[in-house]
Amino acid sequence: MNNIERTEVVLIEDNPYDAELALRALHSNFLSREVLWIRDGQEAVAYLFEDANELKHRQLKLILLDLKIPKVSGYEILLKLKADPMTSAIPVVVFSSSAEGKDIKKCNEAGANSYLVKPVGFERFLDTIKEIGTYWLVHNRV
């Protein structure tokens, strides 16, 4: 089994700085062995739905999804994930810089398991990712 097949967390984030911080927090706190960073919505759709197989989806414990990503929006990906029986049970945490009520409401209605606004500041960002990972990867039971 290769690393892609053992992926536990998919991070869909176009900002390299935010992605690096998230990856660092997940790895340094031993929250996930295999994290796949996907940089845009088109790449996310290809990974999650093209050539999809049950084994790959059973391994996924969490999808961290930015809303404002290029090519296919995070919201469109969320709708697709929650509509597909093979992916609907995978926890999706929207992790966005948008604190707009309409975005939060729309994502919650679409089935997001959680909606968190990215904090400002290096330490707060790392702490938030650590808390997300601890809850969804350690404490949560599917």
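The preceding data block contains the structure.
Residues numbered from 1 in each chain as written. Predicted model: local features only at pLDDT ≥ 70, side-chain atom pairs only at ≥ 80, totals over all residues. Heavy atoms only, no water.

Chemist: I would appreciate a short explanation of the overall build of the protein in the present structure.
Modeler: In terms of helices and strands, the protein carries 6 helices and 5 strands. Taken from the N to the C terminus, the helices and strands of the protein come in the order β-α-β-α-α-β-α-β-α-β-α. The C-alpha radius of gyration computed for the protein amounts to 14 Å, which stays within 12% of the reference 14 Å derived for 142 residues, consistent with globular compactness. Projected onto its principal axes, the C-alpha coordinates of the protein cover approximately 40 × 35 × 30 Å. With 142 residues in all, the protein has 49% of them scored as buried. Pairs at least 24 apart in sequence give 67% of the contacts found in the protein among residues at least 6 apart. (Helix = DSSP H or I, 4+ residues; strand = E, 2+ residues; numbered from the N terminus. Rg over C-alpha atoms; globule rule 2.2 N^0.38 Å. Buried < 20%, exposed > 50% of the residue type's maximum accessible area, 1.4 Å probe, protein only. Contact = heavy atoms within 4.5 Å.)

Chemist: Mind showing me how you'd approach the sheet that holds strand β3 (residues 62-65) here?
Modeler: Two pairing modes exist for strands in a sheet, parallel and antiparallel, and in both the strands are linked by backbone hydrogen bonds. Here we have 5 strands laid out as an open sheet, ordered β2-β1-β3-β4-β5, and parallel in their pairing. A single partner strand is all that each edge strand has here, and the edge strands are β2 (35-38) and β5 (114-117). Strand-to-strand twist across the sheet, computed as the mean angle between neighbouring axes with direction ignored, equals 15°. In this structure, strand β1 (residues 9-12) lies alongside β2, joined through 4 bridges in parallel fashion. Directly across from I12, in β2, lies its bridge partner I38. Set on the sheet, helix α1 (residues 16-28) makes contact with β1, β2 and β3; between it and β2 the angle comes to about 175°. (Pairing = 2+ DSSP bridges. Axes fitted to C-alpha atoms, helices over the stretch in contact; angles between N-to-C directions.)

Chemist: Looking at this structure, how should I read the layout of surface pockets?
Modeler: Over the atoms rolls a probe the size of a water molecule, and in doing so it shows where empty space is left. Of the voids in this model, the largest pocket is the one considered here, and its volume is about 250 Å³. Taken together, 14 residues line the largest pocket, and the ones lying closest to its centre are H57, R58, L60, A89 and V142. Residue assignment for the lining of the largest pocket shows that the elements contributing at least two residues are α3 (54-59) and α6 (122-139). In terms of residue count, α3 provides more of the lining of the largest pocket than any other element does, 3 residues in total. (1 Å grid on protein atoms, 1.4 Å probe; cavity = no way out; pocket = protein on both sides within 12 Å on 5 of 7 lines; lining within 4 Å. Points joined across faces, edges and corners; volume = space filled by probe spheres on them.)

Chemist: Any chance you could explain the packing of helix α2 (residues 41-49) against helix α4 (residues 74-83) here in plain terms?
Modeler: Two quantities define a packed helix pair, namely the angle between the axes and the distance from one axis to the other. Relative orientation of the contacting elements α2 and α4 amounts to 10°, with a least axis distance of 10 Å. Regarding the angle of α2 to α4, the classification is roughly parallel. Counting all contacts with α2, which are made through G41, A44, V45, L48 and F49, the residues of α4 involved are I77, K80 and L81. Along the lines of polarity and charge, the residues of the contact of α2 with α4 split into 6 nonpolar, 1 polar and 1 charged. (Parallel < 35°, antiparallel > 145°, perpendicular 65-115°, else oblique. Nonpolar A, V, L, I, M, F, W, Y, C, P; charged D, E, K, R; others polar.)

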